[in-house]
There are 2 protein chains.
Amino acid sequence: MLSNSSKYAIKGVLYLALNSDEDHKIMVRDIFEVVHVPEAYLAKLLQELSRHNIISSTRGPKGGFYLSAEDRKRTLMDIVRTIDGEKRVKSCVLGIQDCDMDNPCVLHKLVGANKSKFIKVLENTTILDLIEGKQEIKQFFPF
Amino acid sequence: MLSNSSKYAIKGVLYLALNSDEDHKIMVRDIFEVVHVPEAYLAKLLQELSRHNIISSTRGPKGGFYLSAEDRKRTLMDIVRTIDGEKRVKSCVLGIQDCDMDNPCVLHKLVGANKSKFIKVLENTTILDLIEGKQEIKQFFPF
DNA sequence: CATAAAAAGGATAAAAATGTCTTTTAATCT
DNA sequence: AGATTAAAAGACATTTTTATCCTTTTTATG
Ligand code: FES
Ligand code: FES
């Protein structure tokens with residue numbers, strides 16, 4: 001479905017969405033325990049996202065990662081695409097081709113619709129969507 | 001979603017479903033090219049399935065892999081469970097816990113239903129279901 | 001300007017998934 | 001019985017994913 005790395009990245013971004021903004025940047029050191037991701041690994045993933053302008057960061061004292069207002073409009077697919085590549089999530093249940101109607105596999109009729117829906121959720125759900133209502137942090141990272 | 005190995009295994013079993021029975025056993029050598037899976041690797045996967053009584057096999061001359069009538073009633077989940085383990089396919093989109101209502105993650109509301117449906121398809125679809133109508137082999141393995 | 005803080009980057013390591021090869025076991029046929 | 005055939009089993013190799021470590025660069029601040 002999604003790679004571990006993508007899951008980690010999403011969790012990291014969610015934490016930033018709940019706790020950061022331009023004036024309150026956050027160090028990896030303060031995130032990794034809450035989201036249960038190894039510190040150095042999470043750093044790598046956030047750097048990758050920052051490099052692709054999915055999230056924001058500044059170096060130096062008082063620096064850290066954060067989400068700008070624009071960043072919050074990013075979708076889950078933006079994250080997944082950056083970390084896993086789009087191919088991975090869109091590939092057919094039985095192989096590596098893109099899953100399309102033109103050349104469907106035997107299972108497509110059974111699972112294709114589900115898969116499309118899942119992808120649509122990734123594409124249409126923004127970070128903002130996920131945190132509206134600002135629920136408890138605990139609720140976001142129960143594992 | 002599913003591991004490569006599971007995909008391979010499903011393709012192998014589908015081939016057996018279309019071409020084998022107790023009286024017509026099939027060697028890996030005659031399958032691997034059609035389903036585009038490395039010979040030795042496919043062999044290993046089929047052995048694993050056989051060991052778990054998901055498919056059947058006999059050694060020696062005239063031996064090979066085949067599906068008994070019983071085997072054809074196996075579900076896709078039987079294959080996936082044997083190769084990947086059930087945990088992998090049932091795990092939460094954001095983590096490794098089982099995906100359940102009691103302790104849902106932020107994304108569960110959005111994708112949980114889809115995932116459940118997908119799993120139900122795996123659990124409820126038998127090999128027999130997939131090959132009824134006995135379509136062209138080409139149609140089954142377009143990749 | 002010096003210093004310290006923080007991300008960025010590169011090199012390496014460990015683990016898991018994928019893939020190959022060789023030997024052993026069992027069935028069939030002569 | 002002996003030779004042959006094919007799966008079973010397991011050792012070995014490669015690749016990808018996951019994870020760590022260490023150095024460099026950038027930046028805020030005293
Ligand atoms: S083509 Fe295989 S799932 Fe769509
Ligand atoms: S608990 Fe995360 S998807 Fe169901």
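Please refer to the structure placed before this passage.
Let us look at the structure shown here. (Residues numbered from 1 in each chain as written. Chains lettered and ligands numbered in written order. Predicted model: local features only at pLDDT ≥ 70, side-chain atom pairs only at ≥ 80, totals over all residues. Heavy atoms only, no water.)

With respect to spatial proximity, 28 residues lie near DNA strand D, and among them Y8, P38 and P61 of chain A together with R51 and S57 of chain B are the closest. Close to the protein, within 4 Å, the atoms of DNA strand D are drawn from sugar and phosphate at a rate of 67%. Measuring from a phosphate oxygen of DNA strand D, one finds a side-chain N or O atom of Y8 of chain A at 3.1 Å. Separating a base oxygen of DNA strand D from a backbone N or O atom of P61 of chain B is a distance of 3.5 Å. Taken together, the elements giving at least two residues each to the surface near DNA strand D come down to α1 (4–19) and α3 (39–51) of chain A together with α3 (39–51), β1 (56–58) and β2 (64–66) of chain B. (Near = heavy atom within 4 Å. Polar contact = N/O pair within 3.5 Å; in protein donor to acceptor, adjacent residues only side chain to side chain. Helix = DSSP H or I, 4+ residues; strand = E, 2+ residues; numbered from the N terminus.)

This paragraph deals with the pattern of salt bridges. Oppositely charged side chains are able to pair whenever their charged atoms sit close together. Throughout the structure, instances matching the rule amount to 14 salt bridges over all chains. Close ionic contact of D78 of chain A with R81 of chain A constitutes a salt bridge, the shortest N to O distance being 2.7 Å. Taken as a pair, D78 of chain A and R81 of chain A lie in helix α4 (residues 76–84) at a separation of three residues, close to a single helical turn. Exposure remark for R81 of chain A: the relative accessible area of 35% places this residue in the partly exposed category. The residue K73 of chain B makes a salt bridge to E70 of chain B at a minimum N-O spacing of 3.2 Å. Pair check on accessibility: K73 of chain B and E70 of chain B agree, each one exposed. One continuous salt-bridge network, built from bridges that share partners, spans R74, D78, R81, E86, K90 and E123 of chain A. (Salt bridge = Lys/Arg side-chain N within 4 Å of Asp/Glu carboxyl O. Buried < 20%, exposed > 50% of the residue type's maximum accessible area, 1.4 Å probe, protein only.)

To continue, consider helix α1 (residues 4–19) of chain B. Between its terminal C-alpha atoms α1 of chain B stretches 23 Å, which fits the 22 Å expected from 16 residues at 1.5 Å a residue. Burial within α1 of chain B is extensive, with 14 of its 16 residues counted as buried. (Expected span 1.5 Å × (residues − 1).)

Close contacts around DNA strand C come from 28 residues, with M27, K44 and Q47 of chain A together with P38 and P61 of chain B the closest. Counting only atoms of DNA strand C within 4 Å of the protein, the sugar-phosphate share comes to 61%. Between DNA strand C and Q47 of chain A, the relevant distance is 3.2 Å, taken from a base nitrogen to a side-chain nitrogen or oxygen of the residue. S57 of chain A places a side-chain nitrogen or oxygen 3.0 Å from a phosphate oxygen of DNA strand C. Secondary structure elements with two or more residues in the surface near DNA strand C: α3, β1 (56–58) and β2 (64–66) of chain A together with α1 and α3 of chain B. Ranked by residue count, the leading element in the surface near DNA strand C is α3 of chain A, at four residues.

What follows is about helix α6 (residues 108–124) of chain A. Spanning 17 residues, α6 of chain A covers 22 Å between terminal C-alpha atoms, matching the ideal 24 Å at 1.5 Å per step. Along its buried surface, α6 of chain A packs onto α4 and α5 (86–90) of chain A together with α6 (108–124) of chain B. (Contact = heavy atoms within 4.5 Å.)

Before going further, it helps to examine the packing of aromatic side chains. Residue and element names in this part refer to chain A. In total, this model carries two aromatic pairs over all chains according to the counting rule given. Considering the side-chain rings of Y8 and Y41, the 5.8 Å spacing of their centres and the 85° angle between planes classify their relative orientation as edge-to-face. Highlighted residues: Y8 in helix α1 and Y41 in helix α3, separated in sequence by 33 residues. (Phe/Tyr/Trp six-rings, centres within 6.5 Å; stacked < 30°, edge-to-face > 60°.)

The residue D30 of chain B is located in the loop between α1 and α2 (32–35) in this model. Through-space distance from the C-alpha of D30 of chain B to that of G64 of chain B is 10.0 Å; in sequence the pair is 34 residues apart.

A word on the environment of F32 of chain A. Residue and element names in this part refer to chain A. Relative to the helices and strands, F32 is located in helix α2 (residues 32–35). F32 sits 20 residues away from G12 along the chain, and the two C-alpha atoms are 7.8 Å apart. When residues no more than four places from it in sequence are discounted, the contact partners of F32 are V37, P38, E39 and L42.

The values reported here are purely geometric and, on their own, carry no functional implication.
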